[in-house]
Amino acid sequence: MNSHNALNPNGGANLRRVADVSDLNLNLLERILSYENVKRAWERVKANRGAPGVDGVNTDDFLAQFRSKWKDIRESILAGTYLPSPVKRVEIPKQTGGTRPLGIPCVLDRLIQQSICQILVPIFDPKFSNSSFGFRPGRSAHDAVKQAQEYIKQGYLAVVDTDLAKFFDNVNHDVLMARVARKVDDKRILRLICLYLRSGVEVKGRFQRTTLTITCKHPSGRL
């Protein structure tokens with residue numbers, strides 16, 4: 001089965017219609033779930049491979065198991081009834097000793113998250129600092145090194161590398177979602193993102209709720 005026929009396009013948004021829309025906030029969820037966007041997301045997920053999540057389904061077996069279910073999954077996301085699976089928590093060794101926790105979503109949720117990312121990044125990325133290079137399209141650690149080298153040529157003598165320890169473990173999700181809501185008007189997407197934040201983890205076969213308190217409030221009311 002080739003990737004062009006990977007997922008059922010029935011009910012997908014018409015990309016010719018939405019691609020010409022100047023307002024990036026128009027038809028957001030429909031654009032996220034459009035056939036072309038999901039197909040592109042699948043290519044990324046498939047290329048990254050990765051270990052299976054709590055359902056045990058890997059990228060090699062995903063299409064055979066989920067292609068026939070995609071129309072129903074898509075409709076459940078549009079209706080607001082889709083529930084993400086818990087993230088599989090594993091411990092991986094650190095070069096400096098000890099371990100660090102790693103969360104592994106199911107392939108289906110990785111596909112949906114990547115589909116969301118591809119549509120939301122063009123909305124948020126232009127507002128990021130020009131000095132930011134991490135996890136941004138068209139930028140990499142190599143670009144950061146080149147920029148540091150340019151500063152050295154300009155006469156600067158020191159480069160400082162800083163990191164916020166366990167940032168994603170401690171970031172306030174309500175503050176985060178409030179910032180997202182300033183740019184994203186579609187409550188369906190905000191609710192879906194909140195569901196991912198609250199989906200919990202599975203550790204050695206046992207479910208654990210997300211430890212941080214997350215209400216995911218919207219300026220116009222709770223989602």
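Structure report, in brief. Everything numeric here is computed off the predicted structure, so don't read it as measured data. (Residues numbered from 1 in each chain as written. Predicted model: local features only at pLDDT ≥ 70, side-chain atom pairs only at ≥ 80, totals over all residues. Heavy atoms only, no water.)

1. Regarding the overall build of the chain
Right, on to step 1. Broken down by element type, the chain carries 10 helices and 6 strands.
Right, on to step 2. Split into buried and exposed, the 223 residues of the chain put 33% on the buried side.
Right, on to step 3. Pairs at least 24 apart in sequence give 64% of the contacts found in the chain among residues at least 6 apart. (Helix = DSSP H or I, 4+ residues; strand = E, 2+ residues; numbered from the N terminus. Buried < 20%, exposed > 50% of the residue type's maximum accessible area, 1.4 Å probe, protein only. Contact = heavy atoms within 4.5 Å.)

2. Re the environment of Trp 42
Right, on to step 1. Relative to the helices and strands, Trp 42 is located in helix H3 (residues 35-48).
Right, on to step 2. Separated by 72 residues in the primary sequence, Trp 42 and Gln 114 place their C-alpha atoms 8.0 Å from one another.

3. Observations regarding the side chain of Gln 118
Right, on to step 1. Considering the arrangement of structural elements, one finds Gln 118 in helix H6 (residues 107-124).
Right, on to step 2. Residue contacts for Gln 118: discarding those within four places in its chain leaves Asn 37, Arg 40, Ala 41 and Arg 44.

4. Quick word on the packing of aromatic side chains
Right, on to step 1. All chains considered together, the criterion is met by 3 aromatic pairs.
Right, on to step 2. Ring geometry for Trp 42 against Phe 62: centres 5.2 Å apart, planes inclined by 25°, an arrangement best described as stacked. With Trp 42 in helix H3 and Phe 62 in helix H4 (residues 59-66), this pair connects stretches of sequence that are 20 residues apart. Phe 62 matches Trp 42 in its accessibility class, with the two residues each being buried.
Right, on to step 3. Judged by centre distance (6.0 Å) and plane angle (75°), the rings of Tyr 151 and Tyr 156 are edge-to-face.
Right, on to step 4. Judged by relative accessible area, Tyr 156 falls into the exposed class, the value being 52%. (Phe/Tyr/Trp six-rings, centres within 6.5 Å; stacked < 30°, edge-to-face > 60°.)

5. Re the packing of helix H9 (residues 173-183) against helix H10 (residues 187-197)
Right, on to step 1. With their axes 11 Å apart at the nearest point, H9 and H10 run at an angle of 160° to one another. Viewed along their axes, H9 and H10 adopt a mutual orientation that is roughly antiparallel. Between H9 and H10 lies a crossing of right-handed hand. Between H9, through His 173, Met 177, Val 180 and Ala 181, and H10, the contact on the second element is made entirely by Leu 190, Ile 193, Cys 194 and Leu 197. (Axes fitted to C-alpha atoms, helices over the stretch in contact; angles between N-to-C directions. Parallel < 35°, antiparallel > 145°, perpendicular 65-115°, else oblique. Left-handed = near helix turned anticlockwise from the far one by under 90°.)

6. A closer look at the pattern of salt bridges
Where charged atoms from two side chains of opposite charge approach closely, those side chains can pair.
Right, on to step 1. The tally for this structure, following the rule as stated, stands at 5 salt bridges.
Right, on to step 2. Between Glu 43 and Lys 46 there is a salt bridge, with the nearest N and O atoms lying 3.6 Å from each other. Here the residue Glu 43 and the residue Lys 46 both occupy positions in helix H3, the gap between them amounting to 3 residues, near one helical turn.
Right, on to step 3. Exposure remark for Glu 43: the relative accessible area of 28% places this residue in the partly exposed category.
Right, on to step 4. For Lys 46, a relative accessible area of 33% gives the class partly exposed. (Salt bridge = Lys/Arg side-chain N within 4 Å of Asp/Glu carboxyl O.)

In short, shape yes, function no, at least from these values alone.
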